[in-house]
Amino acid sequence: MMDILLMMWEFFKTGLFAVGGGLATLPFLYEMAAKYPHWLTESMLADMIAVSESTPGPIGVNMATYVGFSIGGVLGGICATLALIFPSLVIILMIARVLKKYNENKLVQSAFKGLRPAVTGLISAAGFSVLKIALLTTTSFASFGDFFAAIKIPAVILFAVIAVLTQIKKTGKLHPIVFIAIGAVCGIVFKL
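Throughout this description, residue numbers start from 1 for each chain and increase along the sequence as written. Side-chain atom pairs in this predicted model are given and counted only at pLDDT of 80 or more, local residue features only at pLDDT of at least 70, and totals for whole chains, interfaces and linings cover all residues. Working from all heavy atoms in the structure, the side-chain values ignore hydrogens and water.

**Q** Tell me about the overall build of the chain, and please be specific about residues and values.
**A** Per the secondary structure count, the chain includes eight helices and zero strands. Where helices and strands are cited, they refer to DSSP runs of H or I of at least four residues and of E of at least two residues respectively, numbered from the N terminus. Starting at the N terminus and walking to the C terminus, you meet the elements of the chain as α-α-α-α-α-α-α-α. Along the three orthogonal principal directions, the C-alpha set of the chain runs to about 55 × 45 × 35 Å. Residues counted as buried form 26% of the 192 residues belonging to the chain. The buried label goes to any residue with under 20% of its type's maximum accessible area, the exposed label to any with over 50%, and the partly exposed label to all in between, with areas taken from a 1.4 Å probe on protein chains only.

**Q** Hey, could you go over the packing of helix H5 (residues 106-135) against helix H6 (residues 153-167) for me, with residue numbers and the actual values?
**A** Viewed as axis vectors pointing N to C, H5 and H6 meet at an angle of 130°, and their least axial separation amounts to 8 Å. Our classification of the angle between H5 and H6 gives oblique. On H6, the residues that touch Leu131, Ala134 and Leu135 of H5 are Ala155, Val156 and Phe159. Class assignment of the residues belonging to the contact of H5 with H6 gives a composition of six nonpolar, no polar and no charged. Working convention: axes come from line fits to C-alpha atoms, limited for helices to the stretch in contact. Angles between N-to-C directions cover 0 to 180 degrees. Should an angle fall under 35 degrees it is taken as roughly parallel, and over 145 as roughly antiparallel, whereas 65 to 115 is taken as roughly perpendicular and any remaining angle as oblique. It only takes one pair of heavy atoms within 4.5 Å for two residues to be counted as in contact. Here the nonpolar group is Ala, Val, Leu, Ile, Met, Phe, Trp, Tyr, Cys and Pro; Asp, Glu, Lys and Arg are the charged ones; every other residue, Gly included, is treated as polar.

**Q** How would you explain the environment of Met44 if you had to name every residue and give the values?
**A** Here Met44 is to be found in helix H3 (residues 42-54). A relative accessible area of 30% means that Met44 is categorised as partly exposed. As for Met44 and Ile59, which are separated by 15 residues in sequence, their C-alpha atoms are 15 Å apart.

**Q** Would you mind going over the packing of aromatic side chains in detail, with residue names and values included?
**A** Stacked, edge-to-face and tilted are the three classes for Phe, Tyr and Trp ring pairs, Trp counted by its six-membered ring, which pair at centre distances within 6.5 Å; planes under 30 degrees apart are stacked, over 60 edge-to-face, the rest tilted. For the coordinates displayed, the defined rule picks out two aromatic pairs. Summarising the aromatic geometry, the rings of Trp9 and Phe12 are spaced 6.0 Å apart at their centres and angled 20° between planes, so their arrangement reads as stacked. Of this pair, Trp9 and Phe12 both sit in helix H1 (residues 2-17), three residues apart, which is roughly one turn of that helix. On the numbers, 4.1 Å between centres and 20° between planes, the contact of Tyr36 with Trp39 is stacked. Taking relative accessible area as the criterion, Trp39 reaches 3% and is therefore assigned buried.

**Q** Summarise helix H8 (residues 176-190); cite the residues concerned and give the values.
**A** Compared with an ideal rise of 1.5 Å per residue, which puts 15 residues at 21 Å, H8 spans 21 Å between its outermost C-alpha atoms and is within 8% of the ideal. Positive phi appears at Lys191, one or two residues downstream of H8, with a value of about 50°. Here a helix's expected span is defined as the number of its residues, less one, multiplied by 1.5 Å.

Right under this line is the structure:
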């Protein structure tokens, strides 16, 4: 039971401070993985990101439910999800009441302008962390000879191919689920 309460506290903090959506929760989840390795590892986190991005629903909620379920079953999944969304729910309700009245206030507009770079930074950090896990192995760069051993060559090739395909006029118009499916199939076939 203590694990569930501690997990709820961690997800409550994540929900409170991860401004900017699901990807903004990733730095908090990486910190959680480092702090509580018996809950989740970086490898599990990478798998959860892939599954959460591929399934319907917000990534942060999907990941909270997954971690909660793996720690405490159905009750853990429900508790983690509620702990993550509760701060946002309360804050949104409070802001909705006040924002209508003070929307044109220069302080309110300045606060929103200040939040944009912070949110961009959190999402960028999350994206970098995902790329690092997806494209690099855990091998260190101790010497120059280890450089290519630290790169997952098939994953880099897949990343480059999909990046190019999204920029080509004909294939760039395809629904994102097509690219997710291509990535999933390649991951299964090539064990990426």
